[in-house]
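Structure assessment
As a plain string of letters, each chain reads:
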Amino acid sequence: MAADSTASVVFAHPMMRNLMYVDAPNQVVDAANGVRYAYRRCGPTGSPPLLLLQHFRGTLDSWDPALVDALAAERDVITFDNAGVGLSTGQACRTVRDLAVDTLAFLTALGLPQADVLGYSMGGFTAQELALLRPRTVRRLVLAATAPRGGPGIHGYPDDVLDHVSSERLGIQDYLYVFFHHTATSQRGGLEFVGRYMERERGRDLPVTAAARAAQYEAVVEWGVPDHAALPRLVAIGNPVFVAGGDSDLVVPPATSRLLAGLLPDARLKTYPDSGHGFLFQHHTEFARDVLAFLR
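Owing to the predicted nature of the structure, the values given are computational and were not obtained by experimental measurement.

1. Structural notes on the overall build of the chain
- Across its full length, the chain carries 10 helices and nine strands.
- Against the compact-globule benchmark of 19 Å for 296 residues, the chain has a radius of gyration of 17 Å, which places it among compact chains.
- Across its three principal directions, the C-alpha atoms of the chain cover 45 × 40 × 35 Å.
- A burial count over the chain gives 58% of its 296 residues as buried.
- Once local pairs closer than 6 in sequence are excluded, the contacts in the chain between residues at least 24 apart make up 74%.

2. Some thoughts on the confidence of the model for the chain
- Averaged over every residue, the pLDDT of the chain is 93; residues scoring 70 or more account for 94%.
- Across residues 1-9 the pLDDT falls below 50, and counting only partners more than four positions away or on other chains, this stretch makes 32 contacts in the model.

3. Some remarks on the packing of helix 2 (residues 96-109) against helix 3 (residues 122-133)
- Where helix 2 meets helix 3, the closest approach of the two axes is 8 Å, and the angle between their N-to-C directions is 70°. As the angle between them shows, helix 2 and helix 3 are arranged roughly perpendicular. On the side of helix 2, the interface is formed by V96, R97, L99, A100, V101, T103 and L104, while helix 3 contributes M122, F125, T126, E129, L130 and L133.
- Of the residues belonging to the contact of helix 2 with helix 3, the class tally is nine nonpolar, two polar and two charged.

4. A look at the nonpolar core
- Counting 57 residues, the largest nonpolar core has L71, L118, Y120, L280 and F287 as its most contacted members.
- Sorting elements by how many residues they give to this core places helix 10 (residues 284-295) first, with six residues.
- When neighbours within four sequence positions are excluded, L71 is seen to be in contact with L50, L52, V77, L118, A288, V291 and L292.
- Grouped together as the second largest cluster of nonpolar side chains are 32 residues, Y37, L53, A83 and V117 included.

5. A look at the packing of aromatic side chains
- In total, this model carries 21 aromatic pairs according to the counting rule given.
- The interplanar angle of 65° and the centroid separation of 5.6 Å between the aromatic rings of Y37 and F106 together place this pair among those described as edge-to-face. With Y37 in strand 3 (residues 36-42) and F106 in helix 2, this pair connects stretches of sequence that are 69 residues apart. The same class applies to Y37 as to F106, namely buried.
- Their ring planes at 45° and their centres at 6.2 Å tell us that W63 and Y120 sit as a pair that is tilted. Residue W63 is found in the loop between strand 4 (50-53) and helix 1 (65-72), and its partner Y120 is found in strand 6 (residues 115-120); the two are separated by 57 residues along the sequence.
- Classification of Y120 by relative accessible area gives buried; the value is 0%.
- One aromatic cluster is present, built from ring pairs that chain together W63, Y120, Y175, F179, F180, F193, Y197 and F281.

6. Structural notes on the side chain of T146
- Of note, T146 is situated in the loop between strand 7 (138-144) and helix 4 (159-165).
- T146 sits in the buried class, given a relative accessible area of 1%.
- Within polar-contact distance, the side chain of T146 engages the backbone oxygen of S121 at 2.8 Å.
- Only 3.4 Å separates the side chain of T146 from the backbone nitrogen of F125, close enough to count as a polar contact.
- Beyond its immediate stretch of four places on either side in the chain, T146 contacts S121, G124, F125, Q128, V252, S257 and L260.

7. Focus: the pairing of strand 3
- Among the seven residues that make up strand 3, six are buried, leaving the element largely enclosed by the rest of the structure.
- Of the strand pairs in this sheet, strand 2 (residues 27-30) and strand 3 are connected by four bridges, and their pairing is antiparallel. By the bridge assignment, V29 is partnered in strand 3 with Y37.
- Pairing geometry for strand 3 and strand 5 (residues 77-80), over four bridges, is antiparallel. Paired with Y39 across the bridge in strand 5 is F80.

8. Regarding the environment of P113
- Of note, P113 is situated in the loop between helix 2 and strand 6.
- Accessibility expressed as a relative area gives 67% for P113, which makes it exposed.
- Each residue touching P113, except ones within four places of it in the same chain, is listed here: R136 and T137.

9. Quick notes on the pattern of salt bridges
- Taken as a whole, this structure holds 14 salt bridges when the rule is applied.
- Put simply, R41 and D76 hold a salt bridge, and the shortest N to O gap is 2.8 Å. Here R41, found in strand 3, pairs with D76, found in the loop between helix 1 and strand 5; they are 35 residues apart in sequence, far enough to count as distant. The same class applies to R41 as to D76, namely buried.

10. What to know about the pairing of strand 6
- Summarising burial for strand 6: six of the six residues are buried, a large majority.
- Relative to strand 6, strand 4 is paired through four bridges, and the arrangement is parallel. Note that in strand 6 the partner of L50 across the bridge is D116.
- Handedness of the strand 6-helix 3-strand 7 crossover: right-handed.

Reading guide: rules and limits
Residues numbered from 1 in each chain as written. Predicted model: local features only at pLDDT ≥ 70, side-chain atom pairs only at ≥ 80, totals over all residues. Heavy atoms only, no water. Helix = DSSP H or I, 4+ residues; strand = E, 2+ residues; numbered from the N terminus. Rg over C-alpha atoms; globule rule 2.2 N^0.38 Å. Buried < 20%, exposed > 50% of the residue type's maximum accessible area, 1.4 Å probe, protein only. Contact = heavy atoms within 4.5 Å. pLDDT = per-residue confidence, 0-100. Axes fitted to C-alpha atoms, helices over the stretch in contact; angles between N-to-C directions. Parallel < 35°, antiparallel > 145°, perpendicular 65-115°, else oblique. Nonpolar A, V, L, I, M, F, W, Y, C, P; charged D, E, K, R; others polar. Core = buried A, V, L, I, M, F, W, Y, C linked by side-chain atoms within 4.5 Å. Phe/Tyr/Trp six-rings, centres within 6.5 Å; stacked < 30°, edge-to-face > 60°. Polar contact = N/O pair within 3.5 Å; in protein donor to acceptor, adjacent residues only side chain to side chain. Pairing = 2+ DSSP bridges. Salt bridge = Lys/Arg side-chain N within 4 Å of Asp/Glu carboxyl O. Right-handed = clockwise from strand over helix to strand, strands pointing away.

Structure, rendered in structure tokens:
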């Protein structure tokens, strides 16, 4: 399931907004930090947009097109590659704080002073740090399948998960094992996601390099170093937050989502049944409906 190497980019054009995600062009924007960021944008124009932050070794192609399309029915949705990932230039970030600073550079380059943010897994780490680092940049926050800095059970991935996500090319069985619960219904949902993942035939993003994967995993491990003293930081996030996760997540223990929601001053929590780390792909219709209702 690795992306092909024939990706192409175009410079941003204000009319490129209403396509389905599978047809959305790869666009680029040059930032003041010297990085040329690759991104896609779809949905109606509006303020603020909804920025999606990706999981470990995820690219523009790793988002479920059905989920993005459902969100883009109401929102101006933006996906992008952090520096050194996929089609973006520069060096991959090695800490979550650097990922947050990098995300700010991208938003500034697009001229966006504020956004709603949906952070998924590692992207959820980034979203939390972004809200702490620059509170006014974030209006509402969605944290999916993610955990607080220093929380229990997140200091690196479990061995079985790491075995599946460390290969040069991720296969279908890797996705099914890591992202979906090991039941017939969840695995069927995983296969349906794989089919949607493969719908885009042209202009696919570039795969994440070994160097970028190593940098990202360094950031994941650093974030997960057990540190009870780091947990109270979340009290400073005054934004409304929707915390969501699957009830059988192998990557982020479901109890960690409950801890995260409990530490935030203004959070609501939902756990989706019979699902794993990719609950938002398996339950894409319900999750999109919940997110849009929350953002309204």
